[in-house]
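Residues per chain are reported as follows:
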Amino acid sequence: MNQKSKKVVSILVKVAVFVLATVFIVYKLNNNTNLHNFNMLIGNLTAEKVYFTLGGIFLLMLLNWFLEALKWKYLVRQIEKISVAKAVESVFCGLTWAIFTPNRIGEYGGRVFFLSPRRRVFGAIAMGIGAIGQMVITNVLGAIAVLWFIRTFLVISTELYYILFVATLIFCLFFLLFYFNIRWLNRVLNKIAFLKRFRKFFMILASYRRGNLLVVFNFCIARFIVFTSQYYLIINMLLPELPVFSMIMMIFILFFIQSALPSLDLLDVGVRTMTATYFFSFITQQEVAIMASTACIWLINLIVPAIIGIPFVFKLNFFGTNRS
């Protein structure tokens, strides 16, 4: 492919991403009953309280993705050094790609295309390590919250509860052990015959020591605290009578179930609302408020960042090297 053809293909891909993201976002915003319900619910609150809460949630969204950008920068520093600004741009660009791709797979493409061509596969693997770290904290705290839920709201025998307790403990230890020994995955993959040709790419897994993984895990914990705080703020604004501990446990379960289900970002709001309304029904009958809260967080955490990332799509260089 000559230089002119590459330029044409690059422009067509960028325009296609722009059009798809714009159409999908506009469609979902115009056809979201829960967002309309949210507008109705906040009509009964003081303007100061609404602005303060939504402003705080928006700032937390920026903090959340800034932490993710710092984590991304740290993960790829052994592959290619990038600036903080470039890391932020690549994260938001990835969110734009993710919005119309199954299981957010487009987020990988949106980020790694900011790296040099020969380092993009390594970048995808590094990003995968960060995703595993986020999954570990979500699964560990989610499993603990589910165990609390069973103990609090379901009638089971003491023997069954202890079995579930031990199973939860093993489940949590497995994820923690796996993550902090991620280099073991390199050995396993190298033993799979049809993956031998990719051996050089998997070697990056062995370069992350436990100290490195701990730094990444701390970023994951910080992000988890941030988006838990977002849910707390929005639900507490609409339903201030809910007990804090029970609310947080339900939020952990929501994240846990949500992470386990395959989804599309634009359809993900449906998964979120159904999961949230079921579990929160054990502590409140205000179903509309819970659905409206999850829709609002979906809008601020996924739709707004996807819109912010649209301009960065046009900075991608599919066939060359981007400079900071």
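Note that this is a predicted model, so its numbers are computed, not measured.

Novice: Please explain the pattern of salt bridges as it appears in this structure.
Specialist: Side chains that differ in charge, positive against negative, can pair when their charged atoms come close. Considering all chains together, one arrives at 7 salt bridges under this definition. One salt bridge in this structure joins Arg119 and Glu80, with 3.5 Å as the shortest N-O distance. Residue Arg119 is found in the loop between α5 (106-112) and α6 (120-153), and its partner Glu80 is found in the loop between α3 (47-75) and α4 (84-98); the two are separated by 39 residues along the sequence. The class of Arg119 is partly exposed, set by a relative accessible area of 36%. The exposure class assigned to Glu80 is buried, which follows from its relative accessible area of 7%. Counted as one network, the salt bridges with shared partners bring together Glu68, Lys71, Glu107, Arg111 and Arg223.

Novice: For this particular structure, what's the right way to read a nonpolar patch on the surface?
Specialist: Residues Ile11, Val15, Phe18, Val19, Val23 and Phe314 make up a contiguous nonpolar surface patch of roughly 490 Å² in combined accessible area. Taking relative accessible area as the criterion, Ile11 reaches 46% and is therefore assigned partly exposed.

Novice: Honestly, helix α11 (residues 244-260) in this entry has me stumped. Any pointers?
Specialist: What sets the pattern is the α-helix's 3.6 residues per turn: residues three or four places apart point alike. Between its first and last C-alpha atoms α11 spans 25 Å; for 17 residues at 1.5 Å apiece the expected length is 24 Å, and the two agree. Within α11 the residues assigned to the buried category are Ser246, Met247, Met249, Met250, Ile251, Phe252, Ile253, Leu254, Phe255, Phe256 and Gln258.

Novice: Help me understand the packing of α6 against helix α7 (residues 158-179), please; the structure alone is not making it clear to me.
Specialist: To characterise two packed helices, one gives the angle between the axes of the helices and the distance between these axes. One can describe the packing of α6 onto α7 by two numbers: an axis separation of 10 Å at closest approach and a directional angle of 170°. Between α6 and α7, the crossing angle belongs to the class labelled roughly antiparallel. On α7, the residues touching Ile129, Ile132, Gly133, Met135, Val136, Asn139, Val140, Ala143, Ile144, Leu147, Ile150 and Arg151 of α6 are Tyr161, Leu164, Phe165, Thr168, Phe171, Cys172, Phe175, Leu176, Phe178 and Tyr179. Among the residues making up the contact of α6 with α7, the classes are represented as 18 nonpolar, 3 polar and 1 charged.

Novice: Sorry if this is basic, but what is going on with the environment of Ile42 here?
Specialist: Its place among the elements puts Ile42 in helix α2 (residues 33-42). Linking Ile42 and Met237, residues 195 residues apart in sequence, is a C-alpha distance of 8.8 Å. Sequence-distant contacts of Ile42, that is, excluding residues within four places in its chain, are made with Val50, Met237 and Leu238.

Novice: For this particular structure, what's the right way to read the packing of aromatic side chains?
Specialist: A ring pair, where both rings are aromatic, is described by two values, the distance of the centres and the angle of the planes. Under the counting rule described, the total for this entry stands at 22 aromatic pairs. Ring geometry for Tyr231 against Phe255: centres 5.4 Å apart, planes inclined by 75°, an arrangement best described as edge-to-face. Of this pair, Tyr231 sits in helix α10 (residues 210-238) while Phe255 sits in helix α11, and the two are 24 residues apart along the sequence. Take Tyr231: its relative accessible area is 2%, and that puts it in the buried class. Through a chain of ring-to-ring contacts, three or more aromatic side chains come together here, namely Trp148, Phe149, Phe153, Phe245, Tyr278, Phe279 and Phe282. Looking at Arg111, its charged tip hangs above the ring of Trp72, at a distance of 5.4 Å from the centre. One cation-aromatic arrangement involves Arg151 over Tyr161; the distance from NZ or CZ to the ring centre is 4.4 Å.

Each value, and the rule that gives it
- Residues numbered from 1 in each chain as written.
- Predicted model: local features only at pLDDT ≥ 70, side-chain atom pairs only at ≥ 80, totals over all residues.
- Heavy atoms only, no water.
- Salt bridge = Lys/Arg side-chain N within 4 Å of Asp/Glu carboxyl O.
- Helix = DSSP H or I, 4+ residues; strand = E, 2+ residues; numbered from the N terminus.
- Buried < 20%, exposed > 50% of the residue type's maximum accessible area, 1.4 Å probe, protein only.
- Patch = residues over 30% accessible without salt bridge, like charges linked within 9 Å, V, L, I, M, F, W, Y side chains within 5 Å.
- Areas by Shrake-Rupley, 256 points an atom, 1.4 Å probe, with all protein chains shown as cover.
- Expected span 1.5 Å × (residues − 1).
- Axes fitted to C-alpha atoms, helices over the stretch in contact; angles between N-to-C directions.
- Parallel < 35°, antiparallel > 145°, perpendicular 65-115°, else oblique.
- Contact = heavy atoms within 4.5 Å.
- Nonpolar A, V, L, I, M, F, W, Y, C, P; charged D, E, K, R; others polar.
- Phe/Tyr/Trp six-rings, centres within 6.5 Å; stacked < 30°, edge-to-face > 60°.
- Lys NZ or Arg CZ within 6 Å of the ring centre and 35° of its normal.

Any link to function would need more than the numbers given here.
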